[in-house]
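This is what each chain is made of:
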Amino acid sequence: MKMMKTLRHKITNHSTVFHRTLDIFNEALSFIMNVIDKEFDDMDTFQVKTIVPAVEKLIHITKSNPQPKYKEFDSHFFKFPSYFRRSAIASAFGKVKSYRSNLKNWEKEKEMALLEGKTFKKKPPRLQLEHKEFPVFYQGNMFEKTSEKTARIKVFHRNDWVWIDIQFKPQDQYKRGVWNWKENNPKLVKVGKKFFLHISYESKVKVNDTKIQDQKICAVDLGIHNSAVCSVMNAKGTVLARKFIHQPIEKDQLYTITNKLRKAQSVSGTITAPNFWRRINGLQMHIVHHTSHEIVTFAKEHRCDVIVFEYLDQMKVPKGFWGAKKLRFKLRYWRKKGIQNKVEEMAHYLGMRMSKVNARNTSALAFDGSGKVKRNHKKDLATFRTGKVYHADLSATYNIGARYFIRGIQKSISEKKWLALQAKVPELSKRTEQTLSSFISLNDALETLKVS
């Protein structure tokens, strides 16, 4: 698997000299987008490799092409670097192609509405020519690294394209895990009033291909009170380790800020409240990163092959949720999605896989197969029908791990054999009713078939 990681280096000795370079690049991008939209009707026949020379023939003067159709490009963008020109053409091609695709979809949608006799008021998409794109500086031609902290970069300064020396903050490549990765061309990015060099690194990581019967997994349930509850499980259904991840201080601060935000909005109406949202997003990001690191570290310590999550459906706010309660529900959903995305990225770096299972009834059903549980939402406890009291999220992790293994076993055997196993373990027929008890019964049935 091909993996990418980007490190950000802050430029410390310049803050205003790059503005003109970005402006010229985006002006050239707008010019080229207009040319592509006018000249190329059938864009499906083109790819990036073929569109670049075709557009250059229309805009760039050369010895073999002395009279291009849009010769004003070279006069407006005098000495414009060839690498910038080709990068702008590739970017413009993607943007125009996306616009054409959206326009076709709009036309089809309009046609269908008119055929059904409906009124169609949706506005057509428009080609946006003004963008704030950041250019890539190709090594050797636009960028030369002179040391770990200094480099030379070619920019537009004092009405000419010249080389200037820059200083930037280095990154610890060993700590970031990219010391032996391939370094790609940097991108100049503006964040606020500061400029950064974003340098991407790429490497090929071999993801494990352990057989299902030899796998060890880390099943994760993303809860409400606990950010995550993890259980390590093997293919026999044995739970080897457990872990609870919680950030009580950060969540208390988050709930306090959301209450203040809703009170402010109830007094002043719908306001943007950037100070509130800056603090909310900061706490959200901290919880996501801390939880993700704890999950991956826990899985790595126990040498897990796969990290298993529940599949999160699209966000639907339940009825009766309003005000701060509704906001906290949305924040919780966004946080869970962020944790899954971050864990997937980190796990792949370590060669671990990630999988998702059906989330229906993982918390509602007892792991011992006794049926529905009675939840105590204030304490995260669940009372089984047998009278046993257990942690609801921990029970859910057992069911999540069990569903992963059941699905893996089903894929590895024939349909005839699976039907025979279903006859012995009926709850296997419905995926939303599978629990750890079902998985243990499945293992027993498999052993019986092997003996017979």
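Remember, it's a predicted structure, so these values are computed and weren't measured experimentally. (Residues numbered from 1 in each chain as written. Predicted model: local features only at pLDDT ≥ 70, side-chain atom pairs only at ≥ 80, totals over all residues. Heavy atoms only, no water.)

So, about unusual backbone geometry. The backbone of Lys79 shows a phi angle near 60°, a positive value even though the residue is not glycine. On the accessibility criterion, Lys79 (51% relative accessible area) is exposed. The phi angle at Arg303 is positive, at roughly 55°, despite the residue not being glycine. Relative to the elements of secondary structure, Arg303 occurs in the loop between helix 7 (274-301) and strand 10 (306-310). (Buried < 20%, exposed > 50% of the residue type's maximum accessible area, 1.4 Å probe, protein only. Helix = DSSP H or I, 4+ residues; strand = E, 2+ residues; numbered from the N terminus.)

A few words now on the sheet that holds strand 5 (residues 182-191). Strand order in the open sheet formed by 3 strands is 1-6-5, with antiparallel pairing between adjacent strands. Of all strands in the sheet, those with a lone pairing partner are strand 1 (2-10) and strand 5, marking the two edges. The mean inter-strand angle of the sheet, taken between neighbouring strand axes irrespective of direction, is 25°. Pairing geometry for strand 5 and strand 6 (residues 194-204), over 8 bridges, is antiparallel. Following the sheet pairing, Lys190 is matched in strand 6 by Phe195. (Pairing = 2+ DSSP bridges. Axes fitted to C-alpha atoms, helices over the stretch in contact; angles between N-to-C directions.)

Our next topic: the state of the cysteines. Disulfide: a covalent bond formed between the sulfur atoms of two cysteine residues. Applying the stated criterion across every chain yields a total of 0 disulfides. Free cysteine Cys218: the closest other cysteine sulfur is in Cys230, separated by 4.5 Å. Using a relative accessible area of 0% as the deciding quantity, one classes Cys218 as buried. No disulfide involves Cys304; its sulfur sits 5.1 Å from the nearest other cysteine sulfur, which is in Cys218. (Disulfide = S-S within 2.5 Å.)

As a further point, take the nonpolar core. Counting 44 residues, the largest nonpolar core has Phe18, Ile32, Ile36, Ile59, Phe80 and Ile166 as the members making the most contacts within it. Those elements giving two or more residues to this core turn out to be helix 1 (19-39), helix 2 (48-59), helix 4 (82-115), strand 3 (150-156), strand 4 (161-167) and strand 6. A per-element tally of this core places helix 1 first, with 10 residues. Setting aside its immediate chain neighbours within four residues, Ile32 contacts Val55, Ile59, Phe73, Arg85, Ala88, Ile89 and Ala92. (Core = buried A, V, L, I, M, F, W, Y, C linked by side-chain atoms within 4.5 Å. Contact = heavy atoms within 4.5 Å.)

Another aspect to go through is the pattern of salt bridges. Opposite charge on two side chains lets them pair, provided their charged atoms get close. Applying the stated criterion across every chain, the model contains 18 salt bridges. Of the charged contacts, one joins Glu202 and Lys2 as a salt bridge, the two residues approaching to 3.7 Å between their closest N and O atoms. Here Glu202, found in strand 6, pairs with Lys2, found in strand 1; they are 200 residues apart in sequence, far enough to count as distant. The class for Glu202 is buried, based on a relative accessible area of 18%. For Lys2, a relative accessible area of 55% puts it in the exposed group. As a salt-bridge pair, Lys79 and Asp160 come within 3.8 Å of each other at their nearest N and O atoms. Of this pair, Lys79 sits in the loop between helix 3 (72-76) and helix 4 while Asp160 is found in the loop between strand 3 and strand 4, placing the two residues 81 residues apart along the sequence. (Salt bridge = Lys/Arg side-chain N within 4 Å of Asp/Glu carboxyl O.)

From the geometry alone we can't say anything about function, so treat these as descriptive.
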